[in-house]
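The primary structure of each chain is shown beneath.
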Amino acid sequence: MPDQPLRLAMWSGPRNISTALMRSWGSRRDTFVCDEPLYAHYLAETGLAHPGAEEVITHHETDWRRVVEWLTGPVPEGRRIFYQKQMSHHLLPHVGRDWLAGLTHAFLIRRPRQMLASLAKFLPRPTLADTGLPQQVELFKWVERRTGRPAAVVDSRDILENPRQVLSRLCDSAGVPFDEAMLSWQPGPRETDGIWAKHWYAEVVNTTTFRPYRGGEPALDDHLAGLLEQCQPLYDALYRHRIV
């Protein structure tokens, strides 16, 4: 393993098994994880009525500069890997970008129809920006321009259908060995979970591994169907680069 610590930013949108993937990385003894560190700043700036928004703003750091100092500073607990579960839409336009050069970036995606059906249970009329897909595509292109190669993209379905293979390739892309501990974890909450866990993590908190993929074509109302037409090409642009 290289002497320099790995700071792996996994950019996702909501309802993309991002918390389960955080559990997976958090099972490694060499890894410290953090949960959506820019969320409080995002809510404080946008004023959006997310579940428990006031509590999130009160409990977590709202100054993005202080968050960035922490994300790019010493890895907590002296670990070798700092896994950062990030929501791409939390990276608001006014937030500086220079600090991103010190991170390794990867992207987590999910089929838009399934993602929208799940998201609408928490945000009844989500917007395109709420999905994080436009921001993911923008950031993916930024990474490609800077590094000269595309960043790793993992699809939620691929992980659920073959977690060992896909996570092994994700680890390879990040330059770290795969760890079998990533395939299972203890149930229950974590100290590293955001205060919003009680609103968003009801299912994942009881899991001990990646659940089998459940397909299906959930029905969407007219609003969500129109949003799907906007989401699909953005998803497809990232899907072309996915690792399997």
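Now for a look at the structure at hand. Note that the structure is a prediction, hence the values are computed from the model and not measured. (Residues numbered from 1 in each chain as written. Predicted model: local features only at pLDDT ≥ 70, side-chain atom pairs only at ≥ 80, totals over all residues. Heavy atoms only, no water.)

Things to note about the side chain of serine 12
With respect to the helices and strands, the residue serine 12 is situated in strand S1 (residues 6–12). Given the relative accessible area of 0%, serine 12 is considered buried. In this view, serine 12 contacts Ser18, Gln86, Met87, Ser88, Leu108 and Gln136; residues no more than four positions away in its chain are not counted. (Helix = DSSP H or I, 4+ residues; strand = E, 2+ residues; numbered from the N terminus. Buried < 20%, exposed > 50% of the residue type's maximum accessible area, 1.4 Å probe, protein only. Contact = heavy atoms within 4.5 Å.)

Describing the sheet that holds strand S4 (residues 104–109)
Read from one edge of the open sheet, 5 strands run S2-S3-S1-S4-S5, paired in parallel fashion. This sheet does not close on itself; its edge strands, each paired only once, are strand S2 (31–35) and strand S5 (152–155). Within this sheet the neighbouring strands show an average axis-to-axis angle of 20°, counted without direction. Strands S1, S2, strand S3 (81–87) and S4 of the sheet are contacted by helix H1 (residues 18–26), whose axis makes an angle of about 175° with S3. (Pairing = 2+ DSSP bridges. Axes fitted to C-alpha atoms, helices over the stretch in contact; angles between N-to-C directions.)

Quick look at the pairing of S1
Counting buried positions along S1 yields 7 of 7 residues, so the element is predominantly enclosed. Burial of S1 is two-sided: the residues Leu6, Leu8, Met10 and Ser12 facing one way and the residues Arg7, Ala9 and Trp11 facing the other way are all buried. Pairing analysis gives 7 bridges linking S1 to S3, with the strands arranged parallel. The residue bridging leucine 8 from the neighbouring strand is tyrosine 83, located in S3. As defined by bridge partners, S1 adjoins S4 across 4 bridges and the pair is classed as parallel. By the bridge assignment for S4, tryptophan 11 is matched with phenylalanine 107.

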